[in-house]
Amino acid sequence: MNSEKIEIFDTTLRDGEQVPGCKLNTRQKLIIAEKLDELGVDIIEAGFPISSPGDFESVSEISKLVRNAKVCGLTRANKKDIDTAAEALQFAKKPRIHTGIGTSDSHIKYKFNSTRENIIERAAEAVRYAKRYVEDVEFYAEDAGRTDNVYLAQVCEAVIKAGATVLNIPDTTGYCLPEEYGQKIKYLRENVKGIEKAVLSCHCHNDLGLATANSISGAINGARQIECTINGLGERAGNTALEEVVMILKQHKHLNLYTGVNAIMLNAMSTMVSDLMGMSVQPNKAIVGANAFAHSSGIHQDGVIKNRETYEIIDPAEVGVNASSIILTARSGRSALAYRFKHIGHDVTKDELDYLYQEFLKIADLKKEIGNEDLALIMETCSRKIG
């Protein structure tokens, strides 16, 4: 079976920047956009042009800068938003307007005080209007995760007929379970007339910690675009993490799905975004966290030293990390201690190691982590005693 590409739609500069305290200026956005283009993402959502003069400027400048990726601007389903986005995107080599409206009964009743029929009309009209400016129009059905599938299919049919090229099916509140979200994508594939004219896209939030799982389930069931952010940044608990999606598809080759992302850049990209946004990456974050390739348990350390694959399914070099880390703690064993001594220039015998290990444990019980300075002191102390 031939592999199929999953297009990566990066929304770090739009949804990711909605995190409180993560506001970026235009210069910083350009730095990230240039690296995203180099990373190999397919679409960069550069911002929400009508939201502020600064956002308009950023989308416009990113449009001039980006050479390979499509550049996308977000709008609501109204003409003024779309006009503004089109103006901001006028310099883009591959422009995309991303317009949409809420489709769940909750949004229709409480947000719009409207009806299902009226929402379909507004959705189709927004897409038709956007098509006056660009060929590539993505439609988002906000809160699709909680939208009735039969009605959602009707909305999708209407916007495809109006010219939508991409259908974004957001789990806006992070409510869906993976099987449920995957079945929603499958239902649309099988029940929307004209679905072959559009790409189904996953945009999942992480309120229940399921964003990545839901996106992968969507892709397995026919979605061919995943919307995500570096480090999983985004509104509330965040979005699908780009680095997780890329490496899951890279590891699970039997899915016959791949991305065009250069995985070796992931660690550096994560660090850069973290620094510019002032948003630390949690140490146990998958793929790019400081502890993603660190081992402190003696059993794990012994296995990794003998063969990395015993406890690591990803070679750190694949994502731009120099090597696995053997962290010395009170839970570390003799093999880890010998390994770390060797790295600072000491090949110790078995008898020496037995003695050094006892001294090591005395200090390790008092400290969270043993560094090279501690090892040098242990070696010096033990050498005097042995001598």
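Summarised in this report is the structure supplied together with it.

Here is what the cut-offs are and how they apply
- Residues numbered from 1 in each chain as written.
- Predicted model: local features only at pLDDT ≥ 70, side-chain atom pairs only at ≥ 80, totals over all residues.
- Heavy atoms only, no water.
- Helix = DSSP H or I, 4+ residues; strand = E, 2+ residues; numbered from the N terminus.
- Buried < 20%, exposed > 50% of the residue type's maximum accessible area, 1.4 Å probe, protein only.
- Contact = heavy atoms within 4.5 Å.
- Areas by Shrake-Rupley, 256 points an atom, 1.4 Å probe, with all protein chains shown as cover.
- Lys, Arg positive; Asp, Glu negative; His and termini not counted.
- Charge placed at Lys NZ, Arg CZ, Asp CG, Glu CD.
- Expected span 1.5 Å × (residues − 1).
- Pairing = 2+ DSSP bridges.
- Right-handed = clockwise from strand over helix to strand, strands pointing away.
- Salt bridge = Lys/Arg side-chain N within 4 Å of Asp/Glu carboxyl O.
- Axes fitted to C-alpha atoms, helices over the stretch in contact; angles between N-to-C directions.
- Parallel < 35°, antiparallel > 145°, perpendicular 65-115°, else oblique.
- Left-handed = near helix turned anticlockwise from the far one by under 90°.
- Nonpolar A, V, L, I, M, F, W, Y, C, P; charged D, E, K, R; others polar.

### Side note on the overall build of the protein
Here's step 1: When helices and strands are tallied, the protein shows 14 helices and 12 strands.
Here's step 2: By principal-axis analysis of the C-alpha atoms, the protein measures approximately 90 × 40 × 40 Å.
Here's step 3: Per-residue burial for the protein yields a buried fraction of 52% across its 387 residues.
Here's step 4: Of all intrachain contacts in the protein linking residues separated by at least 6 positions in sequence, the fraction that spans at least 24 positions is 73%.
Here's step 5: For the protein, the accessible surface area stands at approximately 17,900 Å², while carbon and sulfur atoms represent 50% of it.
Here's step 6: Side chains of the protein carry 46 positive and 53 negative charges; the gap between the two charge centres is 2 Å.

### Things to note about the side chain of threonine 172
Here's step 1: Following the sequence through the fold, threonine 172 ends up in the loop between β7 (166-171) and α7 (178-191).
Here's step 2: By relative accessible area, threonine 172 is classed as buried at 15%.
Here's step 3: Contacts of threonine 172, omitting those with residues within four sequence positions, involve Glu142, Asp143, His205, Asp207 and Arg236.

### So, helix α13 (residues 350-364)
Here's step 1: End to end, α13 covers 20 Å across 15 residues, agreeing with the expected 21 Å (1.5 Å per residue, within 8%).
Here's step 2: Every buried residue of α13 is accounted for by Leu353, Leu356, Tyr357, Glu359, Phe360 and Ala364.

### Re the pairing of strand β3 (residues 43-47)
Here's step 1: Most of β3 sits out of view: 5 of its 5 residues are buried.
Here's step 2: Of the pairings in the sheet, the one linking strand β2 (residues 7-10) to β3 comprises 2 bridges and is parallel in character. By the bridge assignment, phenylalanine 9 is partnered in β3 with isoleucine 43.
Here's step 3: Handedness of the β-α-β unit built from β2, helix α1 (residues 26-39) and β3 comes out right-handed.
Here's step 4: Relative to strand β4 (residues 70-74), β3 runs parallel, the two being bridged by 4 bridges.

### Concerning the pattern of salt bridges
Think of it this way: side chains of opposite charge can pair up when their charged atoms draw near.
Here's step 1: Counted according to the given criterion, the structure contains 26 salt bridges.
Here's step 2: With a shortest N-O distance of 3.5 Å, glutamate 125 and arginine 128 are connected by a salt bridge. Placement of both glutamate 125 and arginine 128 in helix α5 (residues 116-130) is noted, with a separation of 3 residues, approximately one turn of the helix.
Here's step 3: With a relative accessible area of 35%, glutamate 125 lands in the partly exposed category.
Here's step 4: Classification of arginine 128 as partly exposed rests on a relative accessible area of 44%.
Here's step 5: Taking the shortest distance from any N to any O, the salt bridge between lysine 362 and glutamate 359 comes out at 3.1 Å. A residue pair is termed a helical-turn pair when its members lie 3 or 4 positions apart in one helix, as lysine 362 and glutamate 359 do in helix α13 at 3 residues.
Here's step 6: Accessibility expressed as a relative area gives 52% for lysine 362, which makes it exposed.
Here's step 7: Taken together, the shared-partner salt bridges connect Glu17, Lys23, Lys29 and Asp55 into one network.

### Examining the packing of helix α3 (residues 79-88) against α5
Here's step 1: The geometry of α3 relative to α5 is characterised by a closest axis approach of 10 Å and an angle of 25° between their N-to-C directions. By the criterion of interaxial angle, the relationship of α3 to α5 is roughly parallel. α5 is crossed by α3, and the crossing has right-handed handedness. Where α3 abuts α5, its residues Lys79, Ile82 and Asp83 lie against Glu125, Ala126, Tyr129 and Ala130.
Here's step 2: When grouped by side-chain class, the residues that make up the contact of α3 with α5 number 4 nonpolar, no polar and 3 charged.

### Let's talk about the packing of helix α12 (residues 334-343) against α13
Packed helices, taken two at a time, are described by the angle between their axes plus the distance between the axes.
Here's step 1: Running from amino to carboxyl end, α12 crosses α13 at an angle of 100°, the nearest separation of the two axes being 10 Å. Relative to α13, the element α12 lies roughly perpendicular. Within the contact between the two elements, α12 uses Arg334, Leu337, Ala338 and Phe341 and α13 uses Leu353, Asp354, Leu356, Tyr357, Gln358 and Phe360.
Here's step 2: For the contact of α12 with α13, the per-class residue count stands at 7 nonpolar, 1 polar and 2 charged.

### Brief notes about the sheet that holds strand β9 (residues 225-228)
Here's step 1: Read once around its circumference, the closed barrel built from 8 strands follows the order β2-β3-β4-β5-β6-β7-β8-β9, with strand pairing classed as parallel. Put simply, the sheet's adjacent strands are angled 25° from each other on average, direction ignored.

### Observations concerning the environment of serine 280
Here's step 1: Looking at the element boundaries, serine 280 is found in the loop between α10 (266-277) and β11 (294-295).
Here's step 2: Note on serine 280: relative accessible area 70%, which makes it exposed.

### A few points about unusual backbone geometry
Here's step 1: Unlike most non-glycine residues, asparagine 231 shows phi in positive territory, near 65°.
Here's step 2: Note on placement: asparagine 231 falls in the loop between β9 and α9 (242-251).
Here's step 3: Its identity is not glycine, yet asparagine 256 carries a phi of approximately 55°, on the positive side.
Here's step 4: Its place among the elements puts asparagine 256 in the loop between α9 and β10 (257-258).

### Describing the pairing of strand β5 (residues 95-102)
Here's step 1: With respect to burial, β5 is a largely interior element, 7 of its 8 residues being buried.
Here's step 2: Once you follow β4 into α3 and on to β5, the crossover reads as right-handed.
Here's step 3: Looking at chain direction, β5 and strand β6 (residues 137-142) are connected through 6 bridges and run parallel. Note on β6: the bridge partner recorded for glycine 100 is tyrosine 140.

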